[in-house]
Amino acid sequence: ALYYHDNLLMNNYHQTLMGKHNLYNLWFCLKVCKLLNVTLKENILNGFSIPTFRLNKIYEDDNLTIYNDSKSTNVYSLCSALDTVNDPGSLIYWIGGGKDRNDDWSGYLDVLKNIDYAFLFGESSKRISLLLETINVPYKVYSTLDELIDELIILDKKTIILFKIGLYIREISL
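Everything in this summary refers to the structure shown in the same document.

What counts and what doesn't
- Residues numbered from 1 in each chain as written.
- Predicted model: local features only at pLDDT ≥ 70, side-chain atom pairs only at ≥ 80, totals over all residues.
- Heavy atoms only, no water.
- Buried < 20%, exposed > 50% of the residue type's maximum accessible area, 1.4 Å probe, protein only.
- Helix = DSSP H or I, 4+ residues; strand = E, 2+ residues; numbered from the N terminus.
- Pairing = 2+ DSSP bridges.
- Phe/Tyr/Trp six-rings, centres within 6.5 Å; stacked < 30°, edge-to-face > 60°.
- Arc of directions from axis to C-beta.
- Contact = heavy atoms within 4.5 Å.

**Digging into the pairing of strand β4 (residues 64–68)**
- In terms of residue burial, β4 counts as a mostly covered element, since five of its five residues are buried.
- On β4, burial covers both faces: Leu64, Ile66 and Asn68 on one face and Thr65 and Tyr67 on the other are all buried.
- By the bridge criterion, four bridges tie strand β3 (residues 56–60) to β4 in an arrangement that is antiparallel. Bridge pairing links asparagine 56 to asparagine 68 in β4.
- From the end of β3 to the start of β4, which pair antiparallel, there are three residues.

Structure below.
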């Protein structure tokens, strides 16, 4: 079942959407349907799958989970993703950079502190690295994404890798 503030929105809902932001979007859509007197089939959302590159879990084992969220290219979507994948006891490695969209990151510093290590590349890497220094998040800047991937080392602890902020993904053999 899907609830919002203790109000039943939908029976028989099996969560396929990750993150509070997606549940808020879903809640809004259901409210609009109700206002317009649109009746939804009871199980209509159970077959829904997340569009490609939007917080897709692309790999998981006991020690490593990799999410591809490369379609989302702003600081708000990064913070939503960090909030969603934040798992106590896990390390979050963020791969980000690419084109600088001149986002204002100042209101999101508390959420960005959830990053355990940042792997940065591209036009935005200098500005992001200066911001990460102010909140003591360790990082390394790479010349290219290929260089970053070639050097990526997975630690022994439970790790979450989040691909983010306007980057392309090549196939990686793990």
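That shown, we press on.
**Re the packing of aromatic side chains**
- Here the structure, examined in full by the defined rule, presents five aromatic pairs.
- Their ring planes at 70° and their centres at 6.4 Å tell us that tyrosine 93 and tyrosine 117 sit as a pair that is edge-to-face. Here tyrosine 93 is found in strand β5 (residues 91–97), whereas its partner tyrosine 117 is found in strand β6 (residues 117–121), with 24 residues between them in sequence.
- On the basis of relative accessibility, which here comes to 5%, the residue tyrosine 93 falls in the buried class.
- Judged by relative accessible area, which is 24%, tyrosine 117 ranks as partly exposed.
- Each residue in the set Tyr93, Tyr117, Phe119 and Tyr142 is aromatic and connected to the rest through ring pairs, giving one cluster.

**Some remarks on unusual backbone geometry**
- In the Ramachandran plot, asparagine 102 falls in the positive-phi region, its phi being about 55° despite a non-glycine side chain.
- Backbone geometry at asparagine 136 places phi at a positive 60°, although glycine is not the residue there.

**With respect to helix α4 (residues 125–134)**
- Within α4, burial applies to Ser125, Ile128, Ser129, Leu131 and Leu132. Taken around the axis of α4, the buried residues stretch over an arc of 160°, which confines them to a single face. Facing away from the buried side of α4 by over 90 degrees, the exposed positions are Lys126 and Thr134.
- On its buried side, α4 packs onto β5, α3 (109–112), β6 and β7 (139–142).

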